[in-house]
Amino acid sequence: MSLRGSACIVGAFEHPTRKAEDKSVAQLHAEVAFGALADAGLTAADVDGYFCAGDAPGMGPLSMADYLGLDRLSHVDSTDIGGSSYLAHVAHAAAAIALGRCNIALITLAGRPRSEGMATGTAARAQNASVPDDAFEIPMGRTVAGSYALCAMRHMHEFGTTSEDLAWIKVAASQHAQHNPHAMLKKPVTVEEVVNSPLVADPLHRLDCCVISDGGGALVVARPEIARSLKRPVVSIRGTGEAVKGQFGGYPDLTFSGARFSGARAFAEAGVTPADIRYASIYDSFTITVLIQLEDLGFCAKGEGGRFVRDGNLISGVGKLPFNTDGGGLCNNHPANRGGMTKVIEAVRQLRGEAHPAVQVADCGLALAHGTGGLLGHRHGSATLVLERQ
Amino acid sequence: MTERSIAAPVVDPSTRPVWEAAAAGRLLLGLCRDTGRHFHYPRPVSPFTLSGNVDLVPASGLGTIYSFTVMRVAQPYACAYVELAEGPRIFTNIVDCAFEEIRIGMKVRVVFRPSQAADGTPGAPVPMFAPA
């Protein structure tokens, strides 16, 4: 059974805050839920499916459904594959709708790592005795930035990718972020500024990393008949794919990600190819994340990512593949340390023609959103969506 | 420059022999008897067949650096995946080597570094790698 065309994204909302010292995480979830439902022209009373992940406080859907007053849920899902969870939730919502288990699904994400002073990329983590990998990785100083840096170093070794290549990804994101009044980093940067910023984890520099921000976002997914009855442009779910990639006994290949599998699955379901995609939201926890995913999704051959991203090829109006036109995680927003939600939201804006005019892709009928969750160099989830304007 | 404090590995019943061997200066790997393949991290089931037909076996302790990074924190350290002679790539640190001399492909050998729990009590030694 294919999910192609079985459901539509009818509401999307990104919280404007980037620092929420005076708000609780649950409150942020409620604010984005309200925003996405209002965007769709719906209310909480219409929601019969609810999706959240590890950022939700308490026991996921139990705590949040109670807090949000969602008293008529017939379907819940708290799949947690890190920052890629929310792309998987869209696919799972489409599947649940196709099976008749719900009609209108709400997906929420929120968090406040910035207010909590979290050094997301470099901080040592505590071990959990029940997590089998912790004892073999945390004493060795496993960090988020370090895990992605290991992939970048190997990619450079095998394919000749350079720091300047990676810097072009940040440059493109910053060119887009200058038009986003909510972006944390609005100032365009140059390749030189990126490669001259301090090293965080060789070969990744400070400006190769995403921002740490508070905030959140929400989506509403509904049955196509309902989507057509609402007043918003209809964004249909055309293809979906998921994958998990680990070390599988100590044999990690750091040159590719699970996007190789989730992307192929999504393109197969959608019946399209990378050449058909007009706009791409590509997970950008670090610049290297983007480069490896672009290769794995098939936008260029393996090892060609460095050449592909050079010279502004990802800049809207300049290059062949406009990406992350909101400024992405690299410049705009990475709420709760999880960037998958905002990837879907900007793809929806593009398909509706509601992106900032300076970055809106002309005639944007087909878009891709892709997320990587967890640690690229240790174990991660991948989720890909192909979305279509109807 | 002071070296970072290495957190004591949390030991559970299934991995206790691994850390006891580390205390004796020996690196152990999992061996799947169904496939003949080594695996890491150790566990009482095979990641290749899911059967319990596995053993812990001594590793040569020799390998080459598959990838590395230097964490530029207050007490910098070098993380790496080292590809062991037996096959598995083990997440570890590179020690006894200037950061600027670390290279992918460099031959390394296991050394053990002391660890300590948050309360200061000593933990099991942790396998790290130095130039061979």
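As annotated in an unreviewed UniProt entry, chain B is DNA-binding protein from Falsiroseomonas selenitidurans.

An unreviewed UniProt entry lists chain A under the name Thiolase domain-containing protein, from Falsiroseomonas selenitidurans.

### Notes on the packing of helix H1 (residues 25-40) of chain A against helix H2 (residues 60-68) of chain A
When two helices pack together, their arrangement is given by the angle between their axes and by how far apart the axes lie. All names here are of chain A. Remark: H1 packs on H2, axes separated minimally by 10 Å, with the N-to-C direction vectors making an angle of 65 degrees. Both H1 and H2 take part in a crossing whose hand is right-handed. Listed contacts from H2 to Ala26, His29, Ala30 and Ala33 of H1 are Met64, Tyr67 and Leu68. Of the residues contributing to the contact of H1 with H2, the split by class is 6 nonpolar, 1 polar and no charged.

### Some details on the nonpolar core
All names here are of chain A. Residues Ile9, Ala36, Val90, Val221, Val344 and Leu385 are the most contacted members of the largest nonpolar core, which totals 161 residues. Per element, the largest residue contribution to this core is 9 residues, and it comes from helix H3 (residues 85-98). Each residue touching Val221, except ones within four places of it in the same chain, is listed here: Ala7, Ile9, Val90, Ala93, Ala94, Ile97, Ala105 and Ile107.

### Observations regarding the sheet that holds strand S3 (residues 54-58) of chain B
An order of S2-S1-S3 (chain B) is seen for the 3 strands of this open sheet, with the pairing classed as antiparallel. The outermost strands of the open sheet, each flanked by one partner alone, are strand S2 (38-39) and S3 of chain B.

### Overview of the environment of Pro198 of chain A
By secondary structure assignment, the location of Pro198 of chain A is in the loop between helix H7 (191-195) and strand S5 (199-201). Here Pro198 of chain A falls in the exposed class, since 8 other C-beta atoms lie within 10 Å of it. Along the sequence, Pro198 of chain A and Asp208 of chain A sit 10 residues apart, while their C-alpha atoms lie 9.9 Å from each other. Every residue in contact with Pro198 of chain A, bar those within four places of it in the chain, is listed here: His205 and Arg206 of chain A together with Arg72 of chain B.

### A few points about the packing of helix H9 (residues 259-270) of chain A against helix H10 (residues 287-297) of chain A
All names here are of chain A. For the pair H9 and H10, interaxial distance at closest approach is 8 Å and the crossing angle is 45 degrees. Accordingly, the angle class assigned to the pair H9 and H10 is oblique. Crossing angle aside, the handedness with which H9 passes H10 is right-handed. Residues Ala259, Arg260 and Gly263 of H9 pack against Gln293, Asp296 and Leu297 of H10. For the contact of H9 with H10, the per-class residue count stands at 2 nonpolar, 2 polar and 2 charged.

### Considering the interface of chain B and chain A
If you look at the interface, chain B gives 34 residues, while chain A gives 32 residues. If you list the elements that add at least two residues to the side of chain B that touches chain A, you get strand S4 (62-71), strand S5 (77-84) and strand S6 (89-94) of chain B. Among the elements that make up the side of chain B that touches chain A, the one with the highest residue count is S4 of chain B (6 residues). Of the residues in the side of chain B that touches chain A, the class split is 22 nonpolar, 7 polar and 5 charged.

### With respect to the confidence of the model for chain B
Across chain B, the average pLDDT comes to 96, with 98% of residues at 70 or higher. Across the interface, the model reports ipTM at 0.98; the global pTM reads 0.98.

### Considerations on the UniProt feature "domain: Thiolase C-terminal" (unreviewed entry) in chain A
In the numbering adopted here, UniProt assigns the feature "domain: Thiolase C-terminal" (unreviewed entry) to residues 250-379 of chain A. End C-alpha atoms of residues 250-379 of chain A are separated by 11 Å, and the span's content is 35% helix alongside 12% strand.

So, how was this worked out
Residues numbered from 1 in each chain as written. Chains lettered and ligands numbered in written order. Predicted model: local features only at pLDDT ≥ 70, side-chain atom pairs only at ≥ 80, totals over all residues. Axes fitted to C-alpha atoms, helices over the stretch in contact; angles between N-to-C directions. Helix = DSSP H or I, 4+ residues; strand = E, 2+ residues; numbered from the N terminus. Left-handed = near helix turned anticlockwise from the far one by under 90°. Contact = placed C-beta atoms within 7 Å. Nonpolar A, V, L, I, M, F, W, Y, C, P; charged D, E, K, R; others polar. Core = buried A, V, L, I, M, F, W, Y, C linked by C-beta atoms within 7 Å. Buried ≥ 20, exposed ≤ 12 C-beta atoms within 10 Å, placed from the backbone. Pairing = 2+ DSSP bridges. Parallel < 35°, antiparallel > 145°, perpendicular 65-115°, else oblique. pLDDT = per-residue confidence, 0-100. UniProt positions renumbered as here; feature names shortened; annotations may be inferred.

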